[in-house]
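Coordinate inspection notes
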Amino acid sequence: MSVMESSGQAQRFEVTVTGDEGTARIDRVLAARLPSLSRSRLKALILGGSVALKSEPSATVIRDPAYHVRPGDSITIDVPEAAPATPAGEDIALDIVHEDDDIIVINKPRGLVVHPANGHETGTLVNALIAHCGASLSGIGGVKRPGIVHRLDKDTTGLMVVAKNDLAHQSLTAQFADHGRTGPMQRGYLAFVWGVPNRSRGTVDAPIDRHPHAREKMAVRQGGREAVTHWEIRETFAGRDGKPVASLLSCQLETGRTHQIRVHLAHIGHPLLGDAVYGPHFKTKASQLGPEAQAALAALGRQALHAYLLALEHPRGGEFQRWEQALPADLTVLADSLSRAL
């Protein structure tokens with residue numbers, strides 16, 4: 001094992017697998033060879049794409065901690081410089097829909113990670129909020145998640161509410177835990193999916209847990225956490241042959257699990273357009289779209305999901321408040337092109 005290069009605290013290690021280690025899991029080999037890095041740190045580096053096999057013409061990134069190495073494999077491990085424990089404010093523009101002394105509602109754009117995490121230590125919504133709100137953010141969520149009471153995936157757009165003080169944080173947390181079962185909370189999404197369900201509306205009631213083999217994914221699994229999604233068809237789209245090929249669904253959440261809508265819609269056979277994680281086997285269906293829609297989908301580069309509706313009881317005074325947000329430009333282009341199938 002050798003340290004190949006170093007920049008400040010950032011380091012690159014190289015490990016060559018020996019005959020005794022051959023066929024062992026990569027995380028176990030690295031843990032034995034790099035005692036300065038914990039197993040959890042190594043796992044995070046692997047999942048984050050910082051571990052690769054040196055090969056020609058280019059290195060192959062290994063993202064599976066259970067990957068089995070072979071004798072002679074040359075592995076590089078890039079350890080980034082340690083990030084500060086407390087996020088700093090950054091001058092990142094926010095699309096503010098509503099703001100008062102207790103809450104701030106934003107329209108989150110695509111590509112914006114909600115809070116610092118492995119591989120996204122800066123440039124997040126939290127960094128933007130710290131700069132905008134200063135010390136007023138609720139600290140209940142911890143130093144890396146101040147004010148955060150719910151999340152949207154990095155490439156999901158739409159409405160999010162953030163607590164600016166502890167009173168608001170406690171109230172919103174309780175409302176999100178209830179998810180409208182007994183209170184006024186509503187969370188609505190617009191989802192462009194492959195195919196058309198065989199009825200106009202329905203409910204997916206299926207537990208969700210980590211995928212048994214791909215830890216970055218979620219899956220419907222017996223014994224997982226309760227997850228309920230209500231859906232309704234808003235519009236259907238025909239392909240080049242005039243037959244239905246896709247549809248626009250409105251979805252309402254009764255629970256808030258990671259990737260819930262993406263997992264549930266894929267589970268019933270209607271994954272989101274553009275979802276490379278939960279709908280990769282549907283990529284060939286793009287050939288059934290008209291040329292304009294094919295171009296719009298190729299340019300989208302993300303799952304076609306937008307949080308268009310948010311309604312809640314204001315933490316101070318209990319006033320019912322409701323916001324709606326129109327589709328962003330990329331999904332508007334997709335919708336228009338799907339409507340013009342031929």
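**A closer look at the packing of aromatic side chains**
Applying the stated criterion to the full structure yields one aromatic pair. For the ring pair Phe192 and Phe237, a centre distance of 6.3 Å and an interplane angle of 20 degrees mean the geometry is stacked. Taken together, the residues Phe192 in strand E9 (residues 186-194) and Phe237 in strand E13 (residues 228-238) connect sequence positions 45 residues apart. The buried category is assigned to Phe237, whose relative accessible area is 3%. In this arrangement the basic side chain of Arg234 is found over the ring face of Tyr308, its NZ or CZ atom lying 5.0 Å from the centre.

**Section: the pairing of E9**
Taken across its nine residues, E9 has eight buried, putting it largely inside the fold. By the bridge criterion, six bridges tie E9 to strand E15 (residues 305-313) in an arrangement that is antiparallel. Looking across to E15, one finds that Arg187 is bridged to Leu310. Strand direction decides the pairing type here: E9 and strand E14 (residues 244-253), joined by seven bridges, are antiparallel. Of the residues in E14, the one forming a bridge with Val193 is Ser247.

**Observations regarding the pairing of strand E6 (residues 96-99)**
As paired strands, E6 and strand E7 (residues 103-108) are joined by three bridges and run antiparallel to one another. Considered in E7, the bridge of Glu99 is made with Ile104. Count of turn residues in the E6/E7 antiparallel hairpin: three residues.

**Points about the packing of helix H1 (residues 26-33) against helix H2 (residues 39-47)**
Relative orientation of the contacting elements H1 and H2 amounts to 130 degrees, with a least axis distance of 10 Å. As the angle between them shows, H1 and H2 are arranged oblique. Two packed elements cross with a definite hand, and for H1 against H2 that hand is right-handed. Across from Ile26, Asp27, Arg28, Leu30 and Ala31 in H1, the residues of H2 making contact are Arg39, Leu42 and Ile46. In terms of residue class, the contact of H1 with H2 is built from five nonpolar, no polar and three charged.

**Focus: helix H5 (residues 260-267)**
With respect to burial, H5 is a largely interior element, six of its eight residues being buried. Within the sequence span of H5, burial applies to Gln260, Ile261, Arg262, Val263, His264 and Leu265.

**Some words on the environment of Phe176**
Here Phe176 lies in helix H4 (residues 166-178). Note: C-alpha distance between Phe176 and Val149 (27 residues apart in sequence) is 7.7 Å. If we skip the residues at most four places from it in the chain, Phe176 touches Val149, His150, Val161, Met185, Arg187 and Leu310.

**Section: the pattern of salt bridges**
On inspection of all chains with the given rule, the structure shows 16 salt bridges. The residue Arg181 makes a salt bridge to Glu254 at a minimum N-O spacing of 3.1 Å. Residue Arg181 is found in the loop between H4 and E9, and its partner Glu254 is found in the loop between E14 and H5; the two are separated by 73 residues along the sequence. Judged by its relative accessible area of 23%, Glu254 is partly exposed. One network of salt bridges, with partners in common, ties together Arg25, Asp27 and Arg39.

**Topic: the side chain of His270**
Structurally, His270 is set in the loop between H5 and helix H6 (291-300). Residue class for His270 comes out buried when judged on its relative accessible area of 12%. Within the structure, His270 has its side chain in polar contact with the backbone oxygen of Trp194 (distance 2.8 Å). With residues up to four places along the chain from it excluded, the contact list for His270 reads Val193, Trp194, Gly195, Val196, Pro197 and Leu265.

**Remarks on the environment of Val15**
Here Val15 shows up in strand E2 (residues 10-16). The exposure class of Val15 is buried, given its relative accessible area of 0%. For the pair Val15 and Asp64, spaced 49 residues apart in sequence, the C-alpha to C-alpha distance is 17 Å.

**A short note on the packing of H6 against helix H7 (residues 329-339)**
Helix-helix packing is characterised by the crossing angle of the two axes and by the distance between the axes. At a closest axis distance of 8 Å, the pairing of H6 and H7 adopts a crossing angle of 160 degrees. Between H6 and H7, the interaxial angle falls into the category roughly antiparallel. Considering only the axes of H6 and H7, their crossing is left-handed. The residues of H7 that touch H6, namely those facing Glu292, Ala293, Ala296, Leu297 and Leu300, are Asp330, Leu331, Val333, Leu334, Ser337 and Leu338. Here the contact of H6 with H7 is composed, by residue class, of eight nonpolar, one polar and two charged.

Criteria and thresholds
Residues numbered from 1 in each chain as written. Predicted model: local features only at pLDDT ≥ 70, side-chain atom pairs only at ≥ 80, totals over all residues. Heavy atoms only, no water. Phe/Tyr/Trp six-rings, centres within 6.5 Å; stacked < 30°, edge-to-face > 60°. Helix = DSSP H or I, 4+ residues; strand = E, 2+ residues; numbered from the N terminus. Buried < 20%, exposed > 50% of the residue type's maximum accessible area, 1.4 Å probe, protein only. Lys NZ or Arg CZ within 6 Å of the ring centre and 35° of its normal. Pairing = 2+ DSSP bridges. Axes fitted to C-alpha atoms, helices over the stretch in contact; angles between N-to-C directions. Parallel < 35°, antiparallel > 145°, perpendicular 65-115°, else oblique. Left-handed = near helix turned anticlockwise from the far one by under 90°. Contact = heavy atoms within 4.5 Å. Nonpolar A, V, L, I, M, F, W, Y, C, P; charged D, E, K, R; others polar. Salt bridge = Lys/Arg side-chain N within 4 Å of Asp/Glu carboxyl O. Polar contact = N/O pair within 3.5 Å; in protein donor to acceptor, adjacent residues only side chain to side chain.

These results come straight from atomic positions and should not be treated as a statement about function.
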